[in-house]
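Observations on the model geometry
Next come the chains, spelled out residue by residue.
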Amino acid sequence: MRPTLWVASAIIAVIVGGMAWLMLAPSGQGYTSPALVDAAGGDVGGAFTLIDHTGRTVTDAEVIDGPALVYFGYTFCPDVCPVDVQIMAETVDMLAADGVSVKPVFITVDPARDTVEALADYAGAMHPDMIALTGSDEQIKTAAAAYKVYYAKVDSEGSGDDYLMNHTAFMYLMSPDQGLLGLFRRGFGPEQFAKDVKALLGGV
Ligand code: NI
């Protein structure tokens, strides 16, 4: 190979290696998993004030008062959210069976339709311990920004309440003292998530 080509390949190798490292970023305990996008630290999570599915105003400190799995979505979501939230609920149950208590938290990105009543139905259907949260547009915007969640209404020809939301679909393992312990990508089952959560909580 000519030297310039060699240098170019070396640079590409470093970039690809760096990306692979980012994909499998180790946690503080050095734990890695294919389901883990990112781990301990990172500037993710923070203060919010929202309204829970019983109509009570709650802060982040009241919601995340122990290990919690947090998911941002919306109850009208036709495919992604119901699958992910079901898997989150199954993960919580698998952990509970092993004596590990983790609270499932759902935060809507569609406060216009996700009223307290809609979230009460949703939480009731998904998991008995689920806390489902809504709020004003501004409150949801603040919470989503803290968790670096992207969401936007999809422009459609349809009118009124019939619309879709684009949104990021990650699951966050949060701790009251340490903030983000793990950021999970979708596409894995409750067995994988339960294993990872246990490993990441191991150092707590
Ligand atoms: Ni969704």
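Overview of the structure. Since the model is a prediction, treat every value here as computed from it, not as a measurement. (Residues numbered from 1 in each chain as written. Predicted model: local features only at pLDDT ≥ 70, side-chain atom pairs only at ≥ 80, totals over all residues. Heavy atoms only, no water.)

For the protein, the helix and strand inventory stands at six helices and ten strands. Buried residues in the protein amount to 42% of all 204 residues. Across the protein, contacts joining residues at least 24 apart in sequence account for 68% of those joining residues at least 6 apart. Element-wise, carbon and sulfur atoms account for 60% of the exposed surface of the protein, whose accessible area totals about 10300 Å². (Helix = DSSP H or I, 4+ residues; strand = E, 2+ residues; numbered from the N terminus. Buried < 20%, exposed > 50% of the residue type's maximum accessible area, 1.4 Å probe, protein only. Contact = heavy atoms within 4.5 Å. Areas by Shrake-Rupley, 256 points an atom, 1.4 Å probe, with all protein chains shown as cover.)

Another point: the coordination of the nickel ion. The reference angle at a metal is 109.5 degrees if four donors form a tetrahedron and 90 or 180 degrees if six donors form an octahedron. Ligation of the nickel ion by protein atoms is provided by Cys77 (SG), Cys81 (SG) and His167 (NE2), these donors lying 2.1 to 2.2 Å from the ion. Written as a sequence motif, the donor residues of the nickel ion are C-x3-C-x85-H. Pair noted here: Cys77 is in the loop between strand S4 (68-73) and helix H3 (80-97) and His167 is in strand S8 (residues 165-167), with a separation of 90 residues, a long-range link. A relative accessible area of 9% places Cys77 in the buried class. The class of His167 is buried, set by a relative accessible area of 16%. (Donors = N, O, S within 2.8 Å, 3.2 Å for Na, K, Ca; no water.)

Further remarks concern the packing of H3 against helix H6 (residues 190-201). Running from amino to carboxyl end, H3 crosses H6 at an angle of 55°, the nearest separation of the two axes being 8 Å. By the angle between their axes, H3 is oblique relative to H6. For H3 against H6, the interelement crossing comes out right-handed. Along its contact with H3, which presents Ile87, Glu90, Thr91, Met94 and Leu95, the element H6 presents Pro190, Glu191, Phe193, Ala194, Val197 and Lys198. (Axes fitted to C-alpha atoms, helices over the stretch in contact; angles between N-to-C directions. Parallel < 35°, antiparallel > 145°, perpendicular 65-115°, else oblique. Left-handed = near helix turned anticlockwise from the far one by under 90°.)

A word on the pattern of salt bridges. For the coordinates displayed, the defined rule picks out five salt bridges. The shortest N-O distance in the salt bridge between Asp65 and Lys103 comes to 3.1 Å. Remark: Lys103 occurs in strand S5 (residues 103-108) and Asp65 occurs in the loop between helix H2 (60-63) and S4; sequence separation between them is 38 residues. For Asp110, the salt bridge goes to Arg113, with nearest N and O atoms at 2.7 Å. (Salt bridge = Lys/Arg side-chain N within 4 Å of Asp/Glu carboxyl O.)

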